[in-house]
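# Inside the fold
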Amino acid sequence: MKRQRVINRVLFAMGAVLAILYAFPFFMVLLNSFKEKRAIRNDPLALPEEWLFANYLEAAEKMDYWISLGNSILITILSVGAIIIVSSMLAYYLARTKTKFSAVTFIILVSSMIVPFQALMIPFVGLFGSLGMLASQPALVFFYVGFGVSMSTFLYHGFIKNIPTELDEAASIDGASAFATFRRIIFPMLNPVTATVAIINALWIWNDYLLPSLVLTQEQRTLPLRTYVFYGTYTSDYGLAMAGLVISIIPIIAFYFLMQKQIIAGVSAGAVK
Amino acid sequence: MARTTAKRIANIKNFAIFGLIPLMIFALVLVTPFIRGIFYTFTDWNGFEYEEFVGFANYEASLADETFWKAIWMTFGYVGASLVLVNLVGFGLALLVTIPMRGANILRTAFFVPNLIGGVILGLIWQFLFDQALPTISENFNLPIFQENWLLKPDTAFWSLVIVTVWQMSGYMMIIYVTGLMSIEKDVLEAALIDGSTGWRTLTQIKIPLMASAFTISLFLTLRNTFMAYDVNLALTGGGPYRSTELISLHVFKEAFGFGFFGTGQAQAVLMFLIIAVAAITQVIISKRTEVQR
């Protein structure tokens, strides 16, 4: 047993070193966000001589931080909400209807998951550009529903399959309409999947770059787009650029610490199914 | 007869309520551009309109394009290196954090956090590290390894792309492997222990075969995500130096939106899709077969 304890200590030390290595990039960004340019040049590892918060104020202003944060939050919440409604309903229909049509639809949905966005990106821009649907936030939400629906429907489908149809039948005998049955009886039972679907889609949409970069105008930009442009503009002033990175990371980290359990559960459930 | 008609009507009604809108959105946003995209590759499309059919000319031009081949080989190298390293590291981390010890949860968080952040931001963080922080640190401590900016030479720029990818994705794969390890029943492991099976043997002969599906999933996800990688590539190297680290995604983007070659850009995008489809299907078939054999 004593030998086991020694081994565990060694493993723990190894883990700690690895964890520090993984956190090192964040640590560097955070530390240097308080410094001026010259101090970063001289020694990125040193503690700042004086802690400059000015970088943060300037970065927040130049990035239109609060506006882009608001854009990101709005787009993520609306898209995730719409994806939840649309895909739970579609999955309910597909799981309860035993026709060739629903089987084929399901297969098409599942196989669409390996289509890379790049394979349809160019005609996508042509098509929706000519329809006047680019440069609009509601349109971006609409697109996220289109791209997110297959994976989320797949997750819901796996769960609804295992809910006995007797429940639906009992409700319909009691006089509930099909929609009322779904809304009052089935949908509340889907809560665990809804949590998974919400988390997987929220992380994807929050961090997405390529699609919004094609769709949004300058004022509509989300946080990742803003940060990228900001960083490119201020590469000569690294302290400022680092402060910009820190404030663009903070919201998602805060979200993680609030929802740690659900996120880990959601990520593993979403992947394993 | 009446009953089937009633059933059919009920079915159509249900479809109108539950299925119609979602499928219309899906068809408009995903299916239409995809099919149009394939169609356009056979025309002289300029991004807005086309005048005539050109047969396979766009594909021929793509395959004759040296930079496209370079991007393909680059992508294969990148996918291969990432596939091995991400999963090796991810599985190692999973073994480490499932040892019952204090602080395992903190370790889990540290390994997982990079995954929460988007590829563009991660790319920028590492651009700073390779460009500014690491060279100065190496110089101050007299370490030879990072003294030169890794992003300025093709070889090291390639490996910096792999390093960032491993850092980004290994924590995610760790979570999947942890789920796999936890799903192994304790009785099996106890029985193995009683039979005198030791650490390494238990791992290779019992644990890994019993969690084979976790490997299938992780390999599939790594394969898909690295083949489609764009964000880290854009933010870290931008394809440079001299377009040497351009992966297929970025190449397609530049071909169409940078140089305005929409026909060949789209043909390359379709080829990219075919490569991913073949690779993903092959990987799943191979993995499933090994799962069953065991």
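In this text the structure is predicted, and so the values were computed from the model without any measurement.

## A few points about the interface of chain A and chain B
The interface is formed by 84 residues belonging to chain A together with 85 residues belonging to chain B. Each partner contributes to the roughly 7300 Å² buried at the junction of chain A and chain B, and carbon and sulfur atoms together form 81% of this total. It is A:Tyr22, A:Ile114 and A:Ile122 in chain A that bury the most area against chain B; as a group they hold 11% of the surface buried on that side. Each residue belonging to the side of chain A that touches chain B can be placed in one class, and the counts come to 64 nonpolar, 18 polar and two charged.

## What to know about a nonpolar patch on the surface
Residue and element names in this part refer to chain B. A surface patch of nonpolar side chains, about 420 Å² in accessible area, is lined by Leu 63, Trp 69, Trp 73 and Phe 76. If one sorts the elements of the nonpolar patch by residue count, helix H3 (residues 66-97) sits on top with three residues. Summarising the element assignment, Leu 63 is placed in helix H2 (residues 57-64).

## Focus on a negative patch on the surface
A contiguous patch of negative charge, built from B:Asp44, B:Glu49, B:Glu51 and B:Glu52, is present on the exposed surface. Topologically, B:Asp44 is positioned in the loop between helix H1 (2-40) and H2.

## Describing the UniProt feature "transmembrane region" (unreviewed entry) in chain B
Residue and element names in this part refer to chain B. Mapped onto this structure's residue numbering, the UniProt feature "transmembrane region" (unreviewed entry) falls at residues 12-35, 71-97, 109-129, 157-178, 208-227 and 267-286. Spanning residues 208-227, this segment combines 95% helix with 0% strand, and its end C-alpha atoms are found 26 Å apart. Within the segment residues 267-286, helix and strand shares are 100% and 0% respectively, and the terminal C-alpha atoms sit 29 Å apart.

## Describing the UniProt feature "domain: ABC transmembrane type-1" (unreviewed entry) in chain B
The feature "domain: ABC transmembrane type-1" (unreviewed entry), as given by UniProt, occupies residues 72-283 of chain B in the numbering adopted here. End-to-end, the C-alpha atoms of residues 72-283 of chain B are 18 Å apart, and along that stretch the chain is 77% helix and 0% strand.

## Re the UniProt feature "domain: ABC transmembrane type-1" (unreviewed entry) in chain A
Under the UniProt annotation, the feature "domain: ABC transmembrane type-1" (unreviewed entry) is placed at residues 69-259 of chain A. Spanning residues 69-259 of chain A, this segment combines 80% helix with 0% strand, and its end C-alpha atoms are found 19 Å apart.

## Points about the packing of aromatic side chains
A ring pair, where both rings are aromatic, is described by two values, the distance of the centres and the angle of the planes. All names here are of chain B. Under the defined criterion, the tally for this structure stands at 56 aromatic pairs over all chains. Ring centres of Phe 39 and Tyr 50 lie 5.5 Å apart, and the angle between their planes is 80 degrees; on these two criteria the pair is classed as edge-to-face. Placement of the pair is Phe 39 in helix H1 and Tyr 50 in the loop between H1 and H2, with a sequence separation of 11 residues. The class of Phe 39 is partly exposed, set by a relative accessible area of 35%. On the accessibility criterion, Tyr 50 (37% relative accessible area) is partly exposed. Members of the aromatic cluster, joined through ring pairs, are Phe 39, Tyr 40, Trp 45, Tyr 50, Phe 53, Tyr 230, Phe 253, Phe 257 and Phe 262.

Conventions used here
Residues numbered from 1 in each chain as written. Chains lettered and ligands numbered in written order. Predicted model: local features only at pLDDT ≥ 70, side-chain atom pairs only at ≥ 80, totals over all residues. Heavy atoms only, no water. Contact = heavy atoms within 4.5 Å. Buried area = accessible area lost by both parts, 1.4 Å probe. Nonpolar A, V, L, I, M, F, W, Y, C, P; charged D, E, K, R; others polar. Patch = residues over 30% accessible without salt bridge, like charges linked within 9 Å, V, L, I, M, F, W, Y side chains within 5 Å. Areas by Shrake-Rupley, 256 points an atom, 1.4 Å probe, with all protein chains shown as cover. Salt bridge = Lys/Arg side-chain N within 4 Å of Asp/Glu carboxyl O. Helix = DSSP H or I, 4+ residues; strand = E, 2+ residues; numbered from the N terminus. Lys, Arg positive; Asp, Glu negative; His and termini not counted. Charge placed at Lys NZ, Arg CZ, Asp CG, Glu CD. UniProt positions renumbered as here; feature names shortened; annotations may be inferred. Phe/Tyr/Trp six-rings, centres within 6.5 Å; stacked < 30°, edge-to-face > 60°. Buried < 20%, exposed > 50% of the residue type's maximum accessible area, 1.4 Å probe, protein only.

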